[in-house]
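Take a look at the letters that make up each chain.
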Amino acid sequence: MTLERRPDALTPEAAAQAPESPGLTVVIPTFNERENVAVLVDRLETVLAGIAWEAVFVDDDSPDGTAAAVKALATSDSRIHCLRRVGRRGLAGAVLDGMMMSAAPHLAVMDADLQHDERLLPRMLALLDAGQADLVVASRYLEAGAEPEGLSPSRRLGSRVAVAIARRVLRADISDPVSGFFMIRREAVDRVAQRLSDQGFKILFDIIASQPAPLRIVELPFDFGRRRAGASKLDSRIVIDYLGLVFSKLSGGLLPPRALFFALVGTCGLVVHLISLRIGLALGLAFISAQGAAAVVAMTSNYLVNNAITYRDRRLHGWKLITGYLKFCGLCGLGLVANVAVAGLVHQFEPIWWLAGAAGALFGAAWNYVTTFLAVW
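Every chain begins its residue count from 1, and numbering advances along the sequence as written. Only residues with pLDDT of at least 70 get local features here, since the model is predicted, and only at 80 or more are side-chain atom pairs given and counted; chain-wide, interface and lining totals rely on the full set of residues. In computing side-chain properties, one takes all heavy atoms of the structure into account and sets aside hydrogens as well as water.

### Notes on the confidence of the model for the protein chain
Our working definition: Confidence scores per residue from the predictor, reported as pLDDT, run from 0 to 100. Secondary structure elements follow DSSP: runs of H or I of four or more residues count as helices, runs of E of two or more count as strands, with numbering from the N terminus. Any two residues whose heavy atoms approach within 4.5 Å at even a single point are treated as in contact.
Averaged over all residues, the pLDDT of the protein chain equals 83, while 80% of them reach at least 70. Averaged over each element, pLDDT in the protein chain is lowest for helix 1 (residues 12-17) (49) and highest for strand 4 (residues 106-109) (98). This stretch, residues 14-18, has a pLDDT under 50; its non-local contacts, to residues over four places away or in other chains, come to two contacts.

Here's what the structure looks like:
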């Protein structure tokens, strides 16, 4: 009997010469970290000696040439990979992209700013290999009274607030559920990949909150060091992203973070509309004229704020900003027509004014969100 070999099967000789598949992928999101990548690779090579590993740097098209620096390292080290993302921004999305391009059974996430202690990686991997955990988190707050040295006083306060909110939402006994330094089994990520948001910075919180059953979590303490080079990426919009993710998880994932931001901006737009209407009337405009002007002001305000915050990772510039504005106004105008039509239809069947008004407003808001998401951003 003759045995047929699969076309893609390796001969014993070829299999012996093939490089060992990595058991660990270290995903490192970057933006303007050119001065740090070579140092970090040297450190990884030292602490992971004897372990089959690879590092995936996911760069958000850094203007300082971070991607070029990583690719230069990759030419002489097959363990180093660079995924350059053009036209996209955000740590969560970068981490997800890096995880999805890996086939390793274990995935680690850490920053490139050298504030995370890479010496913890072997201990993390040992805990996963021994079957003692599904997720190992490097915690800044595991030890009583610990305060991260590498954080400014304002960032320490913000971090503490974020941790407190996350712990209340997750109902999990974990001291640092928003840590950016952790290692996890691949299957735990694959299981919830489609539920994870690509917005914001708190990917660990999202992974834990999205699990259908609790993960076995082990925490290891570490000292959050000072940044060696580059600048922090934390700003007020990241805080907004995090709050949007928290509310999304509280809704059971029913409402994506963008929808919540869009609704919040719309609510603020109502205030802008009323203020503009009052100013127009004070200037002596007829009500219809003042109402029309106020609608244009509010719509313009909504568009600009949504472009800056809700869709900041897809922000429009130049000519696209103008054409996007025209599309936004047209679609929201149709949303207003739909609002009135639905309210009128509901009122015919159930003449309760507030119910009909709410139904029309909700339909109009949903129309505006979905159509502008698809056609504008």
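### Notes on the packing of helix 11 (residues 287-310) against helix 12 (residues 318-349)
Rules: A fitted line through C-alpha atoms represents every axis, and for helices the fit uses only the stretch in contact; the resulting angles, taken between N-to-C directions, go from 0 to 180 degrees. With respect to orientation, any angle under 35 degrees is reported as roughly parallel, any angle over 145 as roughly antiparallel, any angle of 65 to 115 as roughly perpendicular, and every other angle as oblique. Crossing handedness is defined as follows: a turn of the near helix away from the far one that is anticlockwise and smaller than a right angle gives a left-handed crossing, while the clockwise case is right-handed.
Two elements in contact, helix 11 and helix 12, have axes whose closest approach is 10 Å; the angle formed by their N-to-C orientations is 125°. Taken together, the axes of helix 11 and helix 12 lie oblique to each other. In this structure, the crossing between helix 11 and helix 12 has a hand that is right-handed. Counting all contacts with helix 11, which are made through Val 296, Met 299, Thr 300, Asn 302, Tyr 303, Asn 306 and Asn 307, the residues of helix 12 involved are Lys 320, Leu 321, Gly 324, Tyr 325, Phe 328, Cys 329 and Cys 332.

### Focus: helix 10 (residues 257-282)
Quick reminder of the rule: Each residue after the first adds 1.5 Å to the expected span of a helix. Any residue under 20% of the maximum accessible area for its type is buried, any over 50% is exposed, and the rest in between are partly exposed; the area is computed with a 1.4 Å probe on protein chains only.
Taking 1.5 Å as the rise per residue, helix 10 with 26 residues should run 38 Å; its terminal C-alpha atoms sit 38 Å apart, in good agreement. Considered for burial, the residues of helix 10 that qualify are Pro 257, Arg 258, Ala 259, Phe 261, Phe 262, Val 265, Gly 269, His 273, Ser 276, Leu 277 and Gly 280. Downstream of helix 10 by a residue or two, Gly 284 has a phi angle that is positive, lying close to 95°.

### Quick word on helix 8 (residues 203-210)
The buried count for helix 8 comes to seven of eight residues, which makes it a mostly enclosed element. Within helix 8, burial applies to Ile 203, Leu 204, Phe 205, Asp 206, Ile 207, Ile 208 and Ser 210.

### Some details on the pattern of salt bridges
Charged atoms that come close allow side chains of opposite charge to pair. The following threshold applies: Each reported salt bridge corresponds to a side-chain nitrogen of Lys or Arg within 4 Å of a carboxyl oxygen of Asp or Glu.
In this structure the tally under the stated criterion is eleven salt bridges. In this structure, the salt-bridge partner of Arg 79 is Glu 45, at a minimum N-O distance of 3.3 Å. A residue pair is termed long-range when its members are at least 10 positions apart, and Arg 79 in the loop between helix 3 (66-74) and strand 3 (80-84) and Glu 45 in helix 2 (residues 34-47) qualify at 34 residues. One salt bridge connects Arg 85 with Asp 60, and the closest N-O pair in it is separated by 2.8 Å. Note that Arg 85 is positioned in the loop between strand 3 and helix 4 (91-100) and Asp 60 in the loop between strand 2 (53-59) and helix 3, a separation of 25 residues in sequence. With relative accessibility at 6%, the residue Asp 60 sits in the buried group. One salt-bridge network, held together by shared partners, links Glu 45, Asp 77 and Arg 79.

### Describing the nonpolar core
Stated formally: Take the buried residues of types Ala, Val, Leu, Ile, Met, Phe, Trp, Tyr and Cys, join any two whose side-chain atoms come within 4.5 Å, and each joined set is a nonpolar core.
Ile 28, Leu 44, Phe 57 and Leu 121 are the most contacted members of the largest nonpolar core, which has 31 residues in total. Of all the secondary-structure elements, those providing two or more residues to this core are strand 1 (24-30), helix 2, strand 2, helix 3, helix 5 (121-129) and strand 5 (135-139). It is helix 5 that contributes the most residues to this core, five residues altogether. Excluding residues within four positions of it along the chain, Ile 28 makes contact with Leu 40, Leu 44, Ala 55, Val 56, Phe 57, Val 58, Met 110, Asp 111 and Ala 112. With 29 residues, the next largest nonpolar core counts Val 27, Leu 91, Ile 174 and Phe 182 among its residues.

### A look at the packing of aromatic side chains
Put simply, the rule reads: Aromatic pairing here means that ring centres of Phe, Tyr or Trp (its six-membered ring) are within 6.5 Å. Orientation follows from the plane angle: under 30 degrees is stacked, over 60 is edge-to-face, and everything else is tilted.
Across all of its chains, the model carries nine aromatic pairs by this definition. Their ring planes at 5° and their centres at 4.3 Å tell us that Tyr 311 and Trp 377 sit as a pair that is stacked. One end of the pair, Tyr 311, is in the loop between helix 11 and helix 12; the other, Trp 377, is in the segment after helix 13 (353-375), and 66 residues separate them in sequence. For the residue pair Tyr 311 and Trp 377, the accessibility class agrees, reading buried in each case.

### Quick word on the packing of helix 12 against helix 13
So the rule is basically this: Residue polarity follows a fixed list, in which Ala, Val, Leu, Ile, Met, Phe, Trp, Tyr, Cys and Pro are nonpolar, Asp, Glu, Lys and Arg are charged, and the others, Gly among them, are polar.
Contact geometry of helix 12 with helix 13 gives a least axis separation of 7 Å together with a crossing angle of 155°. The orientation of helix 12 relative to helix 13 falls into the category roughly antiparallel. Handedness of the helix 12/helix 13 crossing: right-handed. Contact residues: helix 12 offers Lys 327, Phe 328, Leu 331, Cys 332, Leu 334, Gly 335, Ala 338, Asn 339, Val 342, Ala 343, Val 346 and His 347, while helix 13 offers Trp 353, Ala 356, Ala 359, Gly 360, Ala 361, Phe 363, Gly 364, Trp 367, Asn 368, Thr 371, Thr 372 and Ala 375. Looking at the contact of helix 12 with helix 13 residue by residue, the class counts come to 15 nonpolar, eight polar and one charged.

### Topic: the sheet that holds strand 7 (residues 217-221)
Definition in use: In this description, strands pair whenever DSSP reports at least two bridges between them.
What the seven strands build is an open sheet, ordered 3-2-1-4-6-5-7; its pairing is mixed. Each edge of the open sheet carries a strand with a single partner, namely strand 3 and strand 7. Neighbouring strand axes in the sheet, compared pairwise and without regard to direction, differ in orientation by 20° on average. Sheet topology note: the strand 1/strand 4 ladder contains four bridges and is parallel. Bridge pairing in strand 4 places Val 26 opposite Ala 108. Along the sheet face, helix 8 touches strand 5, strand 6 (182-185) and strand 7 and points at about 30° away from the line of strand 6.

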